Amino acid sequence: MAAPSFSTATLTPVLIHLLRGASDLASIAATHAKLLKAGFASTLASSNHLLAAYSRCGAMNRARDLFDGMRHRDVISWTTLMSGYAASGRPREAIALLRVMQFSGVQPNVVTLSTAASACARLADEGLGRQVHARAEVAGCARDAVVATALVDMYGKAGRVEDSRAVFDGMAAPARNAVSWGAMLAVYAQNALGNEAIQLFAELRTNGGGLAPNHFMLSCAVSACAGVARLSIGKCVHGAVLRLGHGNNEVIAVALVDMYSKCGCYEYSRKVFDRIEQPSLIPYTSIIVSAAKYGLGRCALALLGEMVDRGVQPNDVTLLGVMHACSHSGLVDTGLQLLRSMQSKYGLAPCPSHYTCAVDMLGRAGRLDEAFELAKEAQIEGKEPLLLWNSLLSACRTHKRLDLATLAGQRVSEFNQDVAGGLVVMSNAYASAGQTDNAAAVWSSMRRRGIRKDPGCSWIEVKDIPYVFYAGAISCAGARADEVLMLLDELECKMREKGYKGRLGSARVSDGHEDDGDEGKGVMVGVHSEILALGFGLLVVPKGMTIRVMKNLRMCSDCHEAFKFISGIVEREFVVRDLNRFHHFKMGACSCNDYW
DNA sequence: TTAGGGTTAG
């Protein structure tokens, strides 16, 4: 019997099959050598297979050499190389190839253009993205499901949400599939437009042609609820997650941990986390960051220990979370130790944000000279030092160290970008020290320079509807506005009897955390937004239920005191989420023990 | 048949 003989015609498919399964450079190179030996390496199809294989394992230099040596290249060769560059973190080179390709007379197809759009998304480059969009229009494929979805994602990553939506709306209904819906949801969620995301998620039911939410859409929906702290909707989505069988999906679980934490329910976060079987880096980081927001420093430290014991390496975000937890629970020296040991213990160099956290921690503990030394030591470049000096400035104000405030204020004013926050703090430092002329000068300089600060606002969700309050503006309470003001008036009297020294509302030099409220139609000019939200909550949230107030800025110390008093007087529990953390008020005290 | 789209911590 004759020995089996393989012709090159049968050998090539075998080798190509080998290439497809190969993920390491060595085996790809070996197959490449065999193809060369068989004399088939230079056919277009084999070369394309080799290109794909090298690209898949990230060997872009090998792929490029091969590509440069090819006698003929078709649209697949070009697209394969583009895709390889985009996937290996070199999206700019991918886009550059698109130009050369067209120059060499090869026309891009839908695959090329979707690859190009996704490369632009990685760059978050709107200008390049628009060029790709225009090419897709010219080629007549801008409404192709994949191209359009990549464009939706691209505009979203570049922060152009309306353009994303226009592309999404321009897709013919049959072209819209689960991926395009998911992409649009992600755009809203990633651009802090949680309410729009929630609305789109609801639209899926009516206009989605029977599409069921998949794990992508669910994680986006949960994350959208987290962003706008919509607890009741978040719980509904959680229900859908369980019903649809995604209870064991780690990505969704992380989104849920984050959502419950941002909605003021740490216990639920913890429950969701505890159900994750082998939590990896991101779940651990997420629960640590949650614990930090609730001032659970020891708990965060325990979680860090647990993850290290399980062989999960923390990263810079994890350690920042632990430092915040230390900061929010008064474990100042433990937090500093962590900063000092992160390089030796975890191989991570401290980032500007770690220094900022440490400086903030020392500043709030009144250790201002140490904070100053650390701030000087931190060799930080770029935008970050603004935050660092700003936080120090704030601490100088609290602890009435005008000597250091002036120094920090100088550093803050060296930054030309986004100075509003810093100037407000500077003005408050003057005001606290009784230098009202200087305080007013800073304000007028801000007005002259057209610098505005985001207005402070607080909101409360009642029966799925968010009510947003601004300082001094009670109109959001609608017909109950007068009742709210009367209630607050009455509460203020009772608080005074119990020793409250602050003022719920009155005309005064702004303490800066809110500055441009209404002129005040009611009796309380200048009353802070969280007080109004609380007053409204006391009227409409049934007794026995916790009142949850969200705020976009840090709570001021006056309001914090007021909330403590009120919780004792009305015997109710309040949870306030401010910019940094949660405060749980109960029986006249706050869970933060006045660290914030 | 070798190339394409969406998710989680800060």
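Numbering of residues begins from 1 in every chain and follows the order in which that chain's sequence is written. Both sets of labels track the order of writing: A upward for chains, 1 upward for ligands. pLDDT decides what is reported in this predicted model: residues at 70 or higher carry local features, side-chain atom pairs at 80 or more are listed and counted, and totals for whole chains, interfaces and linings draw on all residues regardless. Side-chain metrics rest on all non-hydrogen atoms present in the structure, leaving aside hydrogens and water.

- Under the annotation held in an unreviewed UniProt entry, chain A carries the name DYW domain-containing protein and is attributed to Urochloa decumbens.

1. Concerning the packing of helix H15 (residues 250-262) against helix H17 (residues 281-293)
- The convention used is that axes are lines fitted to C-alpha atoms, helices contributing only their stretch in contact, and that angles between N-to-C directions extend from 0 to 180 degrees. Strands here mean DSSP runs of E at least two residues long; helices mean DSSP runs of H or I at least four residues long; both are numbered from the N terminus. The geometry of H15 relative to H17 is characterised by a closest axis approach of 9 Å and an angle of 5° between their N-to-C directions. It follows from the interaxial angle that H15 and H17 lie roughly parallel. Touching Glu250, Val254, Val257, Asp258, Ser261 and Lys262 of H15 are Ile282, Pro283, Ser286, Ile287, Ser290 and Lys293, all from H17.
- Polar here means any residue outside two lists: the nonpolar Ala, Val, Leu, Ile, Met, Phe, Trp, Tyr, Cys and Pro, and the charged Asp, Glu, Lys and Arg; Gly therefore counts as polar. Each residue belonging to the contact of H15 with H17 can be placed in one class, and the counts come to five nonpolar, three polar and four charged. Here the angle decides the label: under 35 degrees means roughly parallel, over 145 means roughly antiparallel, 65 to 115 means roughly perpendicular, and every other value means oblique. The criterion used for residue contact is that any of the two residues' heavy atoms lie within 4.5 Å.

2. Side note on the pattern of salt bridges
- Criterion for a salt bridge: a side-chain nitrogen of Lys or Arg within 4 Å of a carboxyl oxygen of Asp or Glu. Counted under the stated rule, the structure contains 30 salt bridges.
- Between arginine 130 and aspartate 163 there is a salt bridge, and its shortest N-O distance comes to 2.9 Å. Highlighted residues: arginine 130 in helix H8 (residues 126-139) and aspartate 163 in helix H10 (residues 161-170), separated in sequence by 33 residues.
- Partly exposed describes any residue whose relative accessible area lies between the buried limit of under 20% and the exposed limit of over 50%, with all areas from a 1.4 Å probe on protein chains only and scaled to the type maximum. Relative accessible area serves as the criterion here: at 32%, arginine 130 is assigned to the partly exposed category.
- Classification of aspartate 163 by relative accessible area gives partly exposed; the value is 22%.
- Taking the shortest distance from any N to any O, the salt bridge between arginine 160 and aspartate 163 comes out at 3.6 Å.
- Salt bridges sharing common partners tie together Glu126, Arg130, Arg160 and Asp163.

3. Side note on the nonpolar core
- Nine residue types can take part in a nonpolar core, namely buried Ala, Val, Leu, Ile, Met, Phe, Trp, Tyr and Cys, and a core is a set of them joined through side-chain atoms within 4.5 Å. Leu81, Val237, Met259, Leu374, Leu388, Trp389 and Leu392 are the most contacted members of the largest nonpolar core, which totals 147 residues.
- For this core, the element with the highest residue contribution is helix H13 (residues 215-228), accounting for nine residues.
- Counting residues in hydrophobic clusters, the runner-up holds 38 residues, among them Ile474, Leu485, Leu488 and Ala562.

4. Examining the protein's contact with DNA strand B
- Contacts to DNA strand B come from 45 residues, most closely from Arg20, His49, Thr149, Gln190 and Ser219.
- Each residue is tested against the molecule or strand, and it is near if at least one of its non-hydrogen atoms lies within 4 Å. Within 4 Å of the protein, the contacting atoms of DNA strand B are drawn from sugar and phosphate to the extent of 45%.
- In the analysis that follows, any N or O atom pair within 3.5 Å is treated as a polar contact, provided that within protein one partner can donate a hydrogen and the other can accept it, and provided that, for residues neighboring in sequence, both atoms belong to side chains. Here a base nitrogen of DNA strand B sits 3.0 Å away from a polar atom, N or O, in the side chain of asparagine 177.
- When residues in the surface near DNA strand B are grouped by element, the largest group, six residues, is from helix H9 (residues 145-157).

5. Quick word on the packing of helix H22 (residues 368-377) against helix H23 (residues 384-398)
- Axis separation between H22 and H23 bottoms out at 11 Å; the angle between their running directions is 170°. With respect to each other, H22 and H23 are oriented roughly antiparallel. In this structure, H22 crosses over H23, and the sense of that crossing is left-handed. Contacts between H22 and H23 pair Leu368, Ala371, Phe372, Ala375 and Lys376 from the former with Leu388, Trp389, Leu392, Ala395 and Cys396 from the latter.
- Grouping the amino acids of the contact of H22 with H23 by side-chain chemistry returns nine nonpolar, no polar and one charged. The crossing is said to be left-handed when, going from far helix to near helix, the turn is anticlockwise and less than a right angle, and right-handed when the turn is clockwise.

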